Amino acid sequence: LVPALLLVLNDFRRTWHWLRKGVWPAPEEVEPALARSRRQEDEELARGEEVPLPEEIAETGLPPAPSGRVTAGKRARRVRPPSQTRVLAAFRRIPEVEALIEKGNQRAAKGDPSGALTCFLAALLHEPRRAYLHFQVGLLRGQLGDWHGAAASFDRAIEIDPGDTDAREYRAWALLRAHEYQAAANEFSHRLETDPANVLARKGRATALLAMGRTDEAAADLSAALVRSPKNADLYYLRANALRAGKEHEKAVADYDTTLAARPDHAGALLGRGRSFHALGRYEEAIPDFDRALATTPPPAEALLHRGRARIALRRHREALDDLTAFLAESPDRLEVHLLLGACRDALGDPEGAAADYRTYLERFPRSKKRRILQRYIRYHLPESVAE
């Protein structure tokens, strides 16, 4: 109610100024909050300090996020978001809202999402209740890499225009990318209530359900989507992941086969099929899939780990040791790999090296179920070591 009253009051002030002086007023002449922010800006810029956002933009001054429509499936490029001072400077330099929008669109077309966001935030200072501006801010925040900020902007657009189905759909995808899986699933469900044939919404809900470990529901959603889109390789890939997570590896392999028939260099499908082969004990078939995955660009480091595990199962310990060492160099925080490295070194006749790996593993996982047997191994082969 208060923001609405302020808008009415500001409109009255503009009209009264025009009747008295015959000239349309500048924003700060009728909006006290902007007048205060201008004075504060002048004072703090003189001192070289950061200028806080005025009241009108404080609600939307969240950090930045990408959107499917802006990025068009490309990896989001991390760009520094605009500073508060830049937003206020744009507001002062370009007083016309439509001019700010045009400038923002031009900068977005030139690949400058930070500059475009500056223009749209400045436009929001003029028209804070315009849903279109909040929607565009959400898209640009998405492009800049802050999905939480994007979801908040789409929320604001929906609050102003509850019938904006685009904002609802993009909000769902932003929540999904922000790892707010339950909220994303709820939003996709809302969309499916009004449009049951929406394949993208069903795919989005399945992705959220899969992330929450609800594999049966995710597989059911993807099967329903495949009825509508039977040649969609991405849907087969996601369903294969759901089936593999549910330990239905034979069915998962069939879906991975379908995905790879359409997209032979799909690294995720190669890695997933290799893991299903491994779970089925088909190690010789798993290794070529991991090889092919590592030949893609960029190669998934996880393929080194899983190829190493398959080689251990085949007692090819020297090759496994090379794979696991390379994986640890790529992912030094994955200290659980030291357990596998220790097994390789032990099989290759290097008990001291194995004991050192086991000690590193226990330092990271002191409550491991294998703690006691590993401690005995360490004491025997590294008598000078104190293993707790």
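Residues numbered from 1 in each chain as written. Predicted model: local features only at pLDDT ≥ 70, side-chain atom pairs only at ≥ 80, totals over all residues. Heavy atoms only, no water.

A.B. asks: Explain the packing of aromatic side chains to me, and be specific about the residues and the numbers.
C.D. replies: Counted according to the given criterion, the structure contains eight aromatic pairs. Considering the side-chain rings of Tyr361 and Phe365, the 5.1 Å spacing of their centres and the 40 degrees angle between planes classify their relative orientation as tilted. Looking at Tyr361, the relative accessible area reads 9%, which means it is buried. A cation over a ring is seen here: Arg364 above Phe365, with NZ or CZ 4.7 Å from the ring centre. (Phe/Tyr/Trp six-rings, centres within 6.5 Å; stacked < 30°, edge-to-face > 60°. Buried < 20%, exposed > 50% of the residue type's maximum accessible area, 1.4 Å probe, protein only. Lys NZ or Arg CZ within 6 Å of the ring centre and 35° of its normal.)

A.B. asks: Pulling in residues and values, what's your account of helix 20 (residues 317-330)?
C.D. replies: The first and last C-alpha atoms of helix 20 sit 20 Å apart over 14 residues, in line with the 20 Å expected at 1.5 Å per residue. Buried within helix 20 are the following residues: His317, Ala320, Leu321, Asp323, Leu324, Phe327 and Leu328. The arc that holds the buried residues of helix 20, viewed along the axis, is 165 degrees, so those residues lie on one side. For helix 20, the exposed residues set more than 90 degrees away from the buried face come down to Ala329 and Glu330. Against helix 19 (302-313) and helix 21 (337-347) lie the buried residues of helix 20. (Helix = DSSP H or I, 4+ residues; strand = E, 2+ residues; numbered from the N terminus. Expected span 1.5 Å × (residues − 1). Arc of directions from axis to C-beta. Contact = heavy atoms within 4.5 Å.)

A.B. asks: Tell me about the nonpolar core, residues and numbers included.
C.D. replies: Core analysis: the biggest nonpolar cluster contains 23 residues, and Phe135, Phe154, Ala174, Ala184 and Phe188 have the highest contact counts within it. Counting residues per element, the ones that place at least two in this core are helix 9 (131-144), helix 10 (147-160), helix 11 (165-177), helix 12 (181-194) and helix 13 (199-211). Broken down by element, this core gets its largest block of residues, seven residues, from helix 10. For Ala184, the residues in contact, after removing those within four places along its chain, are Ala172, Leu175, Leu176 and Ala208. (Core = buried A, V, L, I, M, F, W, Y, C linked by side-chain atoms within 4.5 Å.)

A.B. asks: Can you break down a negative patch on the surface residue by residue, with the values?
C.D. replies: Taken together, the side chains of Asp346, Asp350, Glu352 and Glu384 present a region of like negative charge at the surface. One can find Asp346 in helix 21. With a relative accessible area of 37%, Asp346 lands in the partly exposed category. (Patch = residues over 30% accessible without salt bridge, like charges linked within 9 Å, V, L, I, M, F, W, Y side chains within 5 Å. Areas by Shrake-Rupley, 256 points an atom, 1.4 Å probe, with all protein chains shown as cover. Salt bridge = Lys/Arg side-chain N within 4 Å of Asp/Glu carboxyl O. Lys, Arg positive; Asp, Glu negative; His and termini not counted. Charge placed at Lys NZ, Arg CZ, Asp CG, Glu CD.)

A.B. asks: Provide a residue-level description of the environment of Glu250, including the pertinent values.
C.D. replies: With respect to the helices and strands, the residue Glu250 is situated in helix 16 (residues 249-262). Counting along the chain gives 23 residues from Glu250 to Arg273, while the straight-line C-alpha distance between them is 9.7 Å. Beyond its immediate sequence surroundings of up to four residues, Glu250 is in contact with Leu280 and Arg282.

A.B. asks: Explain the packing of helix 11 against helix 13 to me, using residue names and the numbers behind them.
C.D. replies: Relative to each other, helix 11 and helix 13 sit at 25 degrees, their axes nearing to 10 Å. In terms of axis orientation, helix 11 runs roughly parallel to helix 13. Handedness of the crossing formed by helix 11 with helix 13: left-handed. Between helix 11, through Glu169, Trp173 and Leu176, and helix 13, the contact on the second element is made entirely by Leu200, Gly204, Thr207 and Ala208. Among the residues making up the contact of helix 11 with helix 13, the classes are represented as four nonpolar, two polar and one charged. (Axes fitted to C-alpha atoms, helices over the stretch in contact; angles between N-to-C directions. Parallel < 35°, antiparallel > 145°, perpendicular 65-115°, else oblique. Left-handed = near helix turned anticlockwise from the far one by under 90°. Nonpolar A, V, L, I, M, F, W, Y, C, P; charged D, E, K, R; others polar.)

A.B. asks: Run through the pattern of salt bridges, naming residues and quoting values.
C.D. replies: As enumerated under the stated definition, the model contains 26 salt bridges in all. The salt bridge partner of Asp289 is Arg273, with a shortest N-O separation of 2.7 Å. Of this pair, Asp289 sits in helix 18 (residues 283-294) while Arg273 sits in helix 17 (residues 267-279), and the two are 16 residues apart along the sequence. A single burial state applies to Asp289 and to Arg273, both of which are buried. Between Arg282 and Glu285 there is a salt bridge whose closest N-O contact spans 2.8 Å. Using a relative accessible area of 27% as the deciding quantity, one classes Arg282 as partly exposed. The exposure class of Glu285 is partly exposed, given its relative accessible area of 38%.

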